[in-house]
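Coordinates in review
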Amino acid sequence: MTLGALNYGELSVGKKLAIKYFSVAMVLFLAQMLFGLLAAWQFIAPDFLFGFLDFNVNRMVHINAMVVWLLYGFIGSIFWLIEDESGVPLVGAKIAEATFWVLTLAVVIVVLVYLFVQSGPGETATLWLINEGREYIEAPRWTDIGIVVCMVAIFYNVLATFLKGQWSGISGVLVLDLIALAGLYLCGMFYTTNLPVDQYWWWWVIHLWVEATWEVLVGCIMAWGLIKTLGARRKIVTTWLYIEVALMFGSGILGLGHHYFWIGTPEYWLGIGGFFSALEPIPLVAMVVHSVYDAGKHAFRSNNHPALAWLIAHAFGNFFGAGVWGFMQTLPQINLYTHGTQWASSHGHLAFFGAYVTIVVAFIYLALQKLRGDVWMSGGLVDQGRKWKWALVLTHVGMVGMTIALLIAGYEQSFVERAIGGSTWQAYFEGQMRPWFVEAMWWRMAFGVLMTVGVVLLLWDFLTIGAKEMKPMLEVKSLDEEAEDVQVGEVGVAAQS
Amino acid sequence: MAESYESQWWVSESFWRKCAIFITAGMALVLVFLTFHTLYAIGAGADAGRVPAYSVINYRIDYVPDEERGHLVPEIGPMVPLFGEVMSEEDAKALVNHGKLTVQARNCMNCHTLLGNGAYYAPDLTKAWLDPGWGNEQARELLMTMFLKDPVTNARTFGTNRKMPNQDLTDDEVRGVIAYLKWMSAIDTNGFPANFETLPQDGPVYEPPSEASEEGAT
């Protein structure tokens, strides 16, 4: 490996594959930003692209691009860590390679159909070929089947590799979580006339993904990341992971009930959903305590500053975005007025960014370090780390700005449209015209542009970081190793005396 | 010192591993149990009365205060068949189904919300059938049809200029969408949306053809 050069050829099979997944993920990240800007602008200027690229198309591509790129980021992260964690090369490398290309081809086709076909007649064939029309999982049924086949293939790679190599606490949780994650997707793959039944199962996919299995998945990635960047002790990290799983599934599985307040499901969900979803922030607090404690314990002596910064950002972003912003509207007494308003988009923006974008970015920095030949990525980079620091600041300021703007719009909407106006069409539009709402849409736009600048800078940094570094990576020792060193030293001193 | 606390049960890996497994399994079991009950309760036309049979589109639907429950609930009134045509449960289901397929195929949920779920660019459709914007019961079906056939010309943007793009719906699709919205408005949503005031519904109710008139016709 050559310091600073792109050592792609010398990477192991799993790590090469991870780089491919990360590359597609970043293209889709850019697409997500672009279509988000278009949709945001349509709130301000409704005639913009009207009848050509309507809001529903832009919004669908904005969110679908995100879901897919985060999944690509997770899959890439798993392929990156699997060989280190299991101690053996990836099993079924050819299948894994084929899966990547099939999946990527499917994504490209789906996006082209979204953009150029957009919709179809009210027939079952439309749901199979063009658009399923159910928020977040709009991908037509043929792609659903393809995704499941690809997920089974990836699951085979993961399971077979760990079976051949060694198991750990992290890999055990990871494998069980992947079974749940893939299995839950099946719950979204059917059609029924009955809308409450439709939405009941639809939430199994959406909620049990993002508020349960995805959280546990990033818990695994976080655990591995802390060991890698800080040399955190595996025993402590693994114990924390188990605690987080217990708290996450303990609150999140029945927390599902907070989506069953108003969709026709029985009244007992008001109590069950309200209670358990109110507990959902607790594991996120645990994750903050865990990561900040570990970072402090090691005096922030990390071998990869950008990765550690984004890991810390993840801990706080997850807590505020998913935890606090979710908690604010999770009790039914409040949710009655906030459900289906800009409150939800405020929460959605900060939660997905804080919980998931941050950790994938952190992981990509870990991967880039290796790709550049285990190069120096601690303090005192050649460009003083200006690019990664500015990217971090701009994306965060942009995201927090959008979140606050949307929250103000949401407050106004729940008062004017919901509480006073009673949610009629007229009340809806009255809410959309008040200055607090209109100005919030302008602020959201401005901060969205700021964030896009941050993302472009981030991608530029991805392409260049480590390229001109001449120093090898900082060696981080785990506290276990340091303790051993001290003991050896003491024994040595004792022997001399 | 360090060893003394590391030997405690509450910091042991195996204790927390067991906790993770048993808590997850326990919660999943409870969810499965509740799912059986909920699915039983929300069948269309089930005794629980939460989700109406599809033939509810033959009746007047209202949204009225329920003092015991403390919020608004759907109320099924006298027969006022959709488009003046009494339908069997199967025919009604087929029509509502066509409406739901159309709503999915045209990607309505990425602008509108249904039962509060979807996007926030356009109004919620949960009680669209009962919206006071349609004026009164007699005018409603015609206005809804005209709007869905040509939402640009018949735009109802209340001054925002946020129009609905023309979806090129066929006549059958329009009828299906209206049937779907009428059925949706009769779902018991625990009082969501709150404070909603329905349009006046005091038009003529359906009277079955009397034997005399049938004889007269033959």
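Just so you know, these numbers come straight off a predicted model, no measurement behind them. Residue numbers run consecutively from 1 along every chain, following the written order of its sequence. As a convention, the first chain written is A and the first ligand written is 1, with the rest following in written order. Local features in this predicted model are restricted to residues whose pLDDT is 70 or higher, and side-chain atom pairs enter the listing and the counts only when it is 80 or higher, whereas totals over whole chains, interfaces and linings include all residues.

**Details of the overall build of chain B**
Every helix listed is a DSSP run of H or I at least four residues long, and every strand listed is a run of E at least two residues long, numbered separately from the N terminus. For chain B, the count of helices and strands is six helices and four strands. Secondary structure elements in chain B, listed N-terminal to C-terminal, are α-α-β-β-α-β-β-α-α-α. All radius of gyration figures rest on C-alpha atoms, and the globule criterion is 2.2 Å times the number of residues raised to 0.38. Taking 2.2 N^0.38 as the reference for a compact globule, 218 residues should give roughly 17 Å; the C-alpha atoms of chain B span a radius of gyration of 24 Å, well beyond that estimate. When each of the 218 residues of chain B is scored for burial, the buried share is 42%. Three exposure classes are used, based on other C-beta atoms lying within 10 Å of a residue's own C-beta, which is placed from the backbone: buried for 20 or more, exposed for 12 or fewer, and partly exposed in between.

**So, the overall build of chain A**
Looking only at helices and strands, one finds 17 helices and zero strands in chain A. Relative to its length of 497 residues, chain A is compact, with a C-alpha radius of gyration of 23 Å against a globular reference of 23 Å. Expressed as lengths along the three principal axes of its C-alpha atoms, the size of chain A is roughly 90 × 45 × 45 Å. Counted over contacts in chain A with a minimum sequence separation of 6, partners at least 24 positions apart contribute 80%. Here the contact rule is simple: place C-beta atoms from the backbone, and any two residues whose C-beta atoms are within 7 Å are in contact.

**Overview of the interface of chain B and chain A**
Interfaces are frequently sized by the accessible area removed from exposure as the parts join. Each partner contributes to the interface: chain B provides 72 residues, whereas chain A provides 69 residues. Contributing elements (two or more residues each) for the side of chain B that touches chain A: helix 2 (13–41), helix 3 (89–105), strand 3 (113–114), strand 4 (117–118) and helix 5 (171–184) of chain B. If one sorts the elements of the side of chain B that touches chain A by residue count, helix 2 of chain B sits on top with 14 residues. Put simply, Ala, Val, Leu, Ile, Met, Phe, Trp, Tyr, Cys and Pro go in the nonpolar bin, Asp, Glu, Lys and Arg in the charged bin, and everything else, Gly too, in the polar bin. Of the residues assigned to the side of chain B that touches chain A, the class counts are 36 nonpolar, 22 polar and 14 charged.

**Quick notes on helix 9 (residues 268–279) of chain A**
Residue and element names in this part refer to chain A. By this rule, a helix spans an expected 1.5 Å times one less than how many residues it contains. In a regular helix each residue adds 1.5 Å, so twelve residues correspond to 16 Å; helix 9 covers 17 Å between its end C-alpha atoms and thus fits that length. Here helix 9 has its buried residues at Trp269, Leu270, Gly273, Phe276 and Ser277. Projected onto a plane normal to the axis of helix 9, the buried residues spread over an arc of 165° and lie on a single side. Along its buried surface, helix 9 packs onto helix 8 (234–255) and helix 12 (332–338). Working note: the arc is built from the helix axis to C-beta atom directions.

**Quick notes on the environment of A:Trp460**
Here A:Trp460 is to be found in helix 16 (residues 435–464). The class of A:Trp460 is partly exposed, set by 13 C-beta atoms lying within 10 Å.

**Brief notes about the packing of helix 7 (residues 195–230) of chain A against helix 13 (residues 342–371) of chain A**
All names here are of chain A. Running from N to C, helix 7 and helix 13 point in directions that differ by 35°, and their axes come no closer than 11 Å. Note on packing geometry: the crossing formed by helix 7 with helix 13 is left-handed. The segment helix 7 lies against helix 13, with Trp214, Glu215, Val218, Ile221, Met222, Gly225 and Lys228 engaging Ala355, Tyr356, Ile359, Ala362, Phe363 and Leu366. A breakdown of the residues in the contact of helix 7 with helix 13 according to their chemical character gives ten nonpolar, one polar and two charged. With axes taken as lines fitted to C-alpha atoms, and helix axes fitted only over the stretch in contact, angles between N-to-C directions fall between 0 and 180 degrees. By convention, the crossing between two helices is left-handed when the near helix turns anticlockwise from the far helix through less than a right angle, and right-handed when the turn is clockwise.

**Remarks on the environment of A:Asp47**
With respect to the helices and strands, the residue A:Asp47 is situated in the loop between helix 1 (13–44) and helix 2 (55–86). Along the sequence, A:Asp47 and A:Ser277 sit 230 residues apart, while their C-alpha atoms lie 39 Å from each other.

**Observations regarding the pairing of strand 1 (residues 59–66) of chain B**
The pairing criterion for strands is at least two bridges between them, as found by DSSP. One ladder, built from seven bridges, connects strand 1 of chain B with strand 2 (residues 71–79) of chain B; its direction is antiparallel. When the sheet's bridge partners are listed, B:Asp62 is paired in strand 2 of chain B with B:Glu75.

**Things to note about the domain arrangement of chain B**
Throughout, the edges of the domains are those of an automatic or database domain assignment. As assigned here, chain B comprises domain 1 (2–41) and domain 2 (54–184). For domain 1 of chain B and domain 2 of chain B, the distance between their C-alpha centres works out to 44 Å.

**Focus on helix 8 of chain A**
Given 3.6 residues per turn, any residue in an α-helix points the same way as the ones three and four places further on. The terminal C-alpha atoms of helix 8 of chain A lie 30 Å apart, and with 22 residues this matches the ideal 32 Å at 1.5 Å per residue to within 8%. The element helix 8 of chain A is extensively covered by neighbouring structure, given that 20 of its 22 residues are classed as buried.

**Observations concerning unusual backbone geometry**
For the bond running from B:Phe192 to B:Pro193, omega is -5°, close enough to zero to count as cis. Among the structural elements, B:Pro193 can be located in the loop between helix 5 and helix 6 (211–217). Although it is not a glycine, A:Gln118 sits at a positive phi angle of roughly 65°. Tracing the backbone through its elements, the reader meets A:Gln118 in the loop between helix 3 (93–116) and helix 4 (124–129).

**Concerning the packing of helix 1 of chain A against helix 2 of chain A**
Residue and element names in this part refer to chain A. Look at helix 1 against helix 2: their axes get within 7 Å of each other, and the N-to-C directions meet at 160°. Our classification of the angle between helix 1 and helix 2 gives roughly antiparallel. By crossing handedness, the relation of helix 1 to helix 2 is classed as left-handed. Per-class residue counts for the contact of helix 1 with helix 2 are 23 nonpolar, eight polar and three charged. Working rule for angles: under 35 degrees goes down as roughly parallel, over 145 as roughly antiparallel, 65 to 115 as roughly perpendicular, anything else as oblique.

**So, the confidence of the model for chain A**
Interpretation of the predicted coordinates at a detailed level should be avoided for regions scoring low in pLDDT. Residue and element names in this part refer to chain A. One confidence number per residue, pLDDT, is output by the predictor and ranges from 0 to 100. Of all residues in chain A, 96% attain a pLDDT of 70 or more, and the chain-wide mean is 93. Looking at the elements of chain A, mean pLDDT is at its lowest for helix 17 (residues 479–496), recorded as 55, and at its highest for helix 1, recorded as 98. This stretch, residues 491–497, has a pLDDT under 50; its non-local contacts, to residues over four places away or in other chains, come to zero contacts.

**Here's the deal with the environment of A:Glu138**
With respect to the helices and strands, the residue A:Glu138 is situated in the loop between helix 4 and helix 5 (141–164). When the C-alpha atoms of A:Glu138 and A:Gln432 are compared, they prove to be 27 Å apart, with 294 residues separating the residues in sequence.

**A few points about the confidence of the model for chain B**
Taken residue by residue, chain B gives an average pLDDT of 93. The fraction at 70 or more is 94%. At the level of chain-chain contacts, confidence expressed as ipTM amounts to 0.94, with global pTM at 0.94.

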